[in-house]
Amino acid sequence: MSNIQDLFKEKLHVINIGTSTFKDDLDLQGTEAIQLDWQPPAGGNMELINALDYFQDNERVVNANKEAISRIKAAHPFLVDIDLAKNVIPGMHSNMILHAGPPIAWENMAGPVQGAIIGALIYEGLANNEEEAKALVVKGEIEFSPCHELSAVGPMAGIVSPSMPVHVVENRTHGNKAYCTVNEGLGKVLRFGAFSEDVIHRLKWIKDVYAKALKKALALSDGIDLKSITAQALHMGDECHNRNKASTSLFYRDITDYFLQTDLDKEQLREVMQFIKNNEHYYLNLSMPACKASLDAGHGIPYSTVVTTMARNGVEFGIRISGLGEQEWFTAPANFVKGLFFPGFSEDDAAPDLGDSAITETMGIGGFAMGGSPAIVQFVGGEVADAIHYSEQMYDITVSENSNYSIPTLDFRGTAFGIDVLKVIETGILPVINTGMASKVAGVGQIGAGIVHPPKECFEKGLMRFYEVYGEGGING
Amino acid sequence: MASIVKVEANAYHDSVTLMSLSGKIKKYDGVEQAVVSMATQMNKELLNNIGLMTQEVQAATENDLIIAVKAVTDERVEEVIGFIESELTAKKSKKEKNGNQPVKTIHAAINAMPEANMAIISVPGEYAAREARQVLKQGIHVMLFSDNVSIEDEKSLKELGREKGLFVMGPDCGTAIINHSGLCFANKVSEGEIGLVAASGTGLQEVTVQIDKLGYGITQAIGTGGRDLHEEIGGIMMLQGLKALEADEKTKVITLISKPPAPKVQEKILAEVKKCQKPVVVCFLDRDAHAVEEAGAIFSPTLIDAARKAVKLVDPEKEMDTEIDEAASNWVKAEQKKLADSQQYIRGLFCGGTLTSEALSLIRDAGLKVKSNVAKKQAEKLSEVHTTTGHTLLDLGDDEFTKGKPHPMIDPTLRNERIVAEAKDPETAVLLLDFELGYGSHEDPVGVSLESLQEAKQIAAQAGRHLPIVAYICGTSKDKQDYQQQERKLEAIGVRVADSNEMATKIATMLVKEVN
């Protein structure tokens with residue numbers, strides 16, 4: 001802040017917005033200047049610009065966003081239980097299957113999602129093979145719903161069927177819960193659309209052996225503090241989306257003593273504990289519901305433009321916005337992930353962006369925290385400096401920083417969180433997601449990993465709807 | 001002929017970068033057409049006119065970049081496209097190398113530079129007011145270089161600035177010198193005791209340059225944008241600037257510069273001038289002295305006169321020559337002898353708008369009938385800018401000439417074609433030119449014009465005529481382009497270089513007056 005008389009006494013410090021030749025001449029004079037890499041706001045779309053201008057500095061929006069992020073930040077998720085989906089997820093029933101991303105009809109689903117649904121129906125005993133499963137679906141016997149609409153999340157295909165065990169995560173600040181299945185490990189797994197016998201066999205083992213054991217262990221605990229594990233893991237090189245080595249180890253350390261207090265025999269104990277030890281992505285299926293439980297607490301604040309969901313079903317990318325409806329998705333065709341392929345695979349083999357795991361980025365970790373996870377850079381391609389740049393850039397599109405989740409390489413700055421639709425449209429900067437790539441063929445599994453962005457259109461549609469509801473002459477405006 | 005037309009989606013580049021790139025490409029041999037521009041409606045039409053329209057271009061939006069090249073061979077097209085792409089990426093990577101990552105938002109810029117107190121905004125007009133408003137809300141002064149900002153926006157921005165005690169210099173403000181940093185188009189001039197506020201960019205450049213040439217200096221040179229003294233705006237920025245200079249300890253003399261203001265606004269300004277404790281020189285081009293003098297201020301009808309009077313107030317002992325010196329008048333006499341009977345008229349080809357206005361008023365005062373595209377009086381207005389009759393002064397920075405091209409101060413090549421055309425006219429007696437040096441201007445304005453000037457002289461010679469050329473270089477010896485070298489280049493081909501726009505105009509006038 002500088003008024004005119006101060007200006008004449010101060011050193012000139014210039015922000016140059018526009019042609020860079022003016023900055024070059026300031027450099028020549030030794031005048032401090034910074035170049036703003038300007039782009040037309042909202043891609044030059046006047047309708048969007050008008051909506052932006054209407055909400056910019058609107059006190060109700062500012063306050064609503066503050067409220068939304070303070071709820072999200074205050075949320076405190078604990079792992080409290082594991083049980084069958086139909087026993088714990090409100091609204092789940094015996095003919096219902098949940099999937100990742102925004103709503104989608106069977107005939108439009110991506111290959112891996114269809115494959116996983118076939119596997120789930122076989123697992124449930126509702127079908128004996130692929131043909132029977134498809135026939136059942138075509139007959140309309142099965143009701144589909146996005147995980148997100150039932151407080152659940154699922155990586156990749158994200159399939160949850162009634163008798164799958166799900167982690168129960170409780171947000172003890174606000175009392176709401178979130179649910180997520182147990183991570184099966186890598187290779188041929190249901191979440192990539194595989195439904196062979198060994199896949200079904202493993203799922204059954206998870207239900208009959210693993211879940212029962214974990215349930216006993218959790219009953220002895222006062223809940224496992226997931227907020228604390230995520231915060232520590234971020235200081236240990238995880239970003240808790242694609243890299244979960246540290247967090248899985250921390251979880252393993254916490255749960256071990258409770259396992260040992262159960263009545264399981266030595267062989268059972270070894271089997272169950274090795275399952276966690278051998279799966280370095282175990283924590284992904286805890287990180288995700290922890291984020292979900294926190295973000296759900298920030299949904300439904302009137303006038304808030306904070307994004308509470310980003311999710312993909314392999315065909316479309318969808319977002320939800322705090323101030324708009326629970327079932328109001330803003331969707332556009334999902335992008336393809338750009339990154340590195342495992343040997344023998346190429347771009348032609350990849351399915352579009354898939355899974356609910358972008359809930360981590362919505363929470364400000366995952367891709368947003370990549371700058372603190374140098375090891376992930378090797379996996380998704382690029383340089384460490386790129387990762388730090390991605391993390392720093394995200395501050396331009398978020399409401400605030402989450403001091404609970406800090407990044408050592410950014411001098412322990414809190415991660416950018418509370419993605420603001422207004423800022424995304426204003427700057428044209430899209431959230432960054434680092435993610436695995438699924439083969440478009442069901443059952444092949446993961447074929448690579450990389451970086452992907454949501455389509456801009458999701459945010460444009462969201463803002464236009466927001467304006468309809470809260471704008472000039474709007475429904476609530 | 002081979003051609004390639006490409007569209008890059010979401011690849012915004014500013015127009016100055018793109019236009020200067022287009023200029024570089026034209027120098028490739030065998031290139032017939034080359035367009036590198038954002039896909040605006042105007043640029044699409046341009047592509048249509050040169051036969052390079054494609055469906056992809058038709059569907060492109062203003063945020064998409066068009067690269068279109070037509071040349072003799074496929075190889076040449078490829079080569080030029082490669083050059084364009086490397087130039088555009090080189091710019092980006094350079095930006096990233098010198099220091100931090102590029103910032104994309106005003107908030108990010110302020111985070112990176114918390115001391116920021118001035119923003120220069122030169123984005124396309126339809127977005128400029130929005131950016132300015134955001135900057136003002138952050139408590140930062142604005143220099144708004146962009147034009148095509150609506151008068152309503154200008155008013156609301158200036159009211160916001162006034163309320164917050166912030167400068168809003170512009171829109172369409174080309175020149176300012178704040179705390180001795182030249183912003184946009186400005187010359188490097190000495191520090192001193194004269195503070196200026198001007199509604200004219202080249203006017204401000206000329207007055208500061210002349211003050212420097214007289215051996216004196218300035219405190220601040222504040223721009224207001226050309227419309228500040230229109231009735232709708234009411235001179236908000238000039239009044240703010242005047243008050244700021246009145247309060248500034250270093251400023252001893254104040255100088256105001258503008259084209260004729262709206263009468264009501266003039267009244268308002270002069271009422272404020274009356275309250276000033278410091279002496280004020282008021283240069284309202286083409287206005288009469290009476291009202292100004294009544295307000296207790298000193299009136300100047302021309303830019304050079306404003307510079308002289310301001311200097312006189314700082315140093316009453318200073319002696320100044322205002323008449324044509326002997327060397328110049330000898331030159332005029334010698335040139336006159338070589339003129340053919342048909343050669344009767346001055347043809348002024350200017351890059352600076354207010355320099356055109358000043359020349360117009362001087363030639364009129366000398367009793368000649370003259371027309372110009374900057375004229376305000378009906379009788380002096382040009383009906384058509386592309387053909388010339390009688391004494392004519394053209395401001396080539398006018399919109400009619402600059403559509404889709406850089407302003408001639410950025411790239412004077414725009415004027416070259418006209419230099420040659422005027423040389424072909426048997427009635428042209430003398431070419432009167434200006435060259436602007438300083439920040440923002442072309443790195444070698446004389447250099448890029450030399451070939452055309454020589455061609456002009458040859459054309460005249462082949463037709464049995466001799467063509468005198470008089471030029472003024474608006475610049476100081478401290479400017480980045482090297483004044484002396486620019487001057488030498490002109491003198492080497494026989495161009496007479498004057499040390500003010502006034503003097504150049506007087507020499508040209510003397511040349512034709514005595515012929516007539």
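Residues numbered from 1 in each chain as written. Chains lettered and ligands numbered in written order. Predicted model: local features only at pLDDT ≥ 70, side-chain atom pairs only at ≥ 80, totals over all residues.

Counting its regular elements, chain B contains 19 helices and 19 strands. Relative to its length of 516 residues, chain B is compact, with a C-alpha radius of gyration of 24 Å against a globular reference of 24 Å. When the backbone C-alpha atoms are referred to their principal axes, chain B occupies close to 65 × 65 × 40 Å. Across the 516 residues in chain B, those meeting the buried criterion constitute 49%. A separation threshold of at least 6 residues defines the contact pool for chain B, and within that pool the share at least 24 residues apart is 69%. (Helix = DSSP H or I, 4+ residues; strand = E, 2+ residues; numbered from the N terminus. Rg over C-alpha atoms; globule rule 2.2 N^0.38 Å. Buried ≥ 20, exposed ≤ 12 C-beta atoms within 10 Å, placed from the backbone. Contact = placed C-beta atoms within 7 Å.)

So, about the pairing of strand β16 (residues 391–395) of chain B. All names here are of chain B. Among the 5 residues of β16, 5 are classified as buried, and the element is accordingly described as predominantly covered. Side chains of β16 alternate between two faces, with His391, Leu393 and Asp395 and Thr392 and Leu394 buried alike. With 4 bridges joining them, strand β14 (residues 345–350) and β16 adopt parallel strand pairing. By the bridge assignment, leucine 349 is partnered in β16 with leucine 394. With 3 bridges joining them, strand β15 (residues 370–372) and β16 adopt parallel strand pairing. Paired with serine 372 across the strands is leucine 393, a residue of β16. (Pairing = 2+ DSSP bridges.)

A separate point is the interface of chain A and chain B. Taken together, the 39 residues of chain A in the interface contact 51 residues of chain B. Put simply, the parts of the chain that give the side of chain A that touches chain B at least two residues each are α1 (4–9), β1 (13–17), α2 (21–28), β2 (32–36) and α15 (384–393) of chain A.

What follows is about the domain arrangement of chain A. Residue and element names in this part refer to chain A. Domain annotation for chain A reports domain 1 (4–36), domain 2 (76–290) and domain 3 (297–470). Of note, the centres of domain 2 and domain 3, computed from C-alpha atoms alone, are 22 Å apart. Across the contact, 49 residues belong to domain 2 and 50 residues belong to domain 3. When residues in the side of domain 2 that touches domain 3 are grouped by element, the largest group, 5 residues, is from helix α6 (residues 111–124). (Domains from an automatic or database assignment.)

What follows concerns unusual backbone geometry. The peptide bond linking Gly170(B) to Pro171(B) adopts the cis configuration, its omega dihedral lying at 5°. Relative to the elements of secondary structure, Pro171(B) occurs in the loop between β6 (168–169) and β7 (175–178). Even without glycine at this site, Ser151(A) takes up a positive phi of about 60°. Tracing the backbone through its elements, the reader meets Ser151(A) in the loop between β5 (143–146) and β6 (165–171). Take Ser151(A): there are 21 C-beta atoms within 10 Å of it, and that puts it in the buried class. In this structure, Cys240(A) is a non-glycine residue whose phi angle is positive, near 65°. Tracing the backbone shows Cys240(A) in the loop between α9 (226–234) and α10 (245–261).

Counting residues in each nonpolar core, the largest one holds 148 residues, and the members touching the most others are Val142(B), Met143(B), Leu144(B), Val282(B) and Ala471(B). Once you skip the residues sitting within four places of it in the chain, Leu144(B) turns out to touch Ile121(B), Ala128(B), Ala132(B), Val149(B), Val168(B), Met169(B), Gly170(B), Pro171(B), Cys173(B) and Gly225(B). Listed in part, the 141 residues of the second largest apolar core include Leu52(A), Leu121(A), Trp329(A) and Ala438(A). (Core = buried A, V, L, I, M, F, W, Y, C linked by C-beta atoms within 7 Å.)

Residues and elements named next belong to chain A. Taking 1.5 Å as the rise per residue, helix α11 (residues 266–277) with 12 residues should run 16 Å; its terminal C-alpha atoms sit 16 Å apart, in good agreement. All of the buried residues in α11 are Val272, Phe275 and Ile276. Around the axis of α11, the buried residues are gathered within 100° of arc, so they sit on the same side. Looking at α11, the residues exposed on the side facing more than 90 degrees away from the buried face are Lys266, Glu267, Arg270 and Gln274. As for α11, its buried residues are in contact with α8 (197–220) and α10. (Expected span 1.5 Å × (residues − 1). Arc of directions from axis to C-beta.)

Residues and elements named next belong to chain B. Overall, the predicted model of chain B reaches an average pLDDT of 91, with 97% of residues at or above 70. Note that residues 93–99 has pLDDT below 50 and, in this model, 4 contacts with residues that lie over four places away or in other chains. Among the prediction metrics, the complex's ipTM stands at 0.87, with pTM recorded as 0.80. (pLDDT = per-residue confidence, 0-100.)

So, on to the packing of helix α13 (residues 326–338) of chain B against helix α19 (residues 501–513) of chain B. Residue and element names in this part refer to chain B. Where α13 contacts α19, the two axes come as close as 9 Å, and the packing angle between them is 35°. In terms of crossing hand, the pair formed by α13 and α19 is right-handed. Taken together, the residues of α19 that come into contact with α13 (itself represented by Ala328, Ser329, Val332, Glu335 and Gln336) are Ile507, Met510 and Leu511. Residue composition of the contact of α13 with α19, grouped by class: 5 nonpolar, 2 polar and 1 charged. (Axes fitted to C-alpha atoms, helices over the stretch in contact; angles between N-to-C directions. Left-handed = near helix turned anticlockwise from the far one by under 90°. Nonpolar A, V, L, I, M, F, W, Y, C, P; charged D, E, K, R; others polar.)

Take α15(A) next. Residue and element names in this part refer to chain A. Of all the residues in α15, the buried ones are Ala387, Tyr390, Ser391 and Gln393. Looking straight down α15, one finds its buried side chains confined to an arc of 165°; they lie on one side. Those residues of α15 that are buried lie in contact with α14 (374–380) and β14 (398–407).

Bringing the sheet that holds strand β17 (residues 446–452) of chain A into the picture now. All names here are of chain A. The strand order across the open sheet formed by 3 strands is β12-β17-β16, and the pairing between neighbours is antiparallel. Looking at strand neighbours, the two that pair on one side only are β12 (338–341) and β16 (433–438), the edges of this open sheet. The average angle at which neighbouring strand axes cross in this sheet is 25°, direction not considered. Summarising the sheet, β16 and β17 pair through 6 bridges and their orientation is antiparallel. From the neighbouring strand, glycine 436 faces β17, where its bridge partner is alanine 449.

What follows is about the environment of Pro412(B). All names here are of chain B. With respect to the helices, strands and loops of the structure, proline 412 is situated in the loop between α15 (399–402) and α16 (413–424). Since 27 C-beta atoms lie within 10 Å of it, proline 412 is described here as buried. It is 9.2 Å that separates the C-alpha atoms of proline 412 and serine 441, two residues lying 29 residues apart in sequence.

To continue, consider the environment of Ser258(B). Residue and element names in this part refer to chain B. With respect to the helices and strands, the residue serine 258 is situated in strand β11 (residues 253–258). Sequence spacing of serine 258 and alanine 498 is 240 residues, and the spatial spacing of their C-alpha atoms is 24 Å. If near-sequence neighbours (up to four positions away) are discounted, serine 258 is found in contact with Ala198, Ala199, Ser200, Leu229 and Phe284.

Residue and element names in this part refer to chain A. Read across the sheet, 4 strands follow the order β7-β6-β3-β8 without closing on themselves; strand pairing throughout is antiparallel. Single-partner strands in this sheet number two, and they are β7 (177–181) and β8 (224–225). Here β6 pairs with β7 via 5 bridges, running antiparallel. Counterpart to valine 168 in the pairing with β7 is tyrosine 179. Against the sheet, α8 touches β3 (77–84) and β6, its axis set at about 140° to β3.

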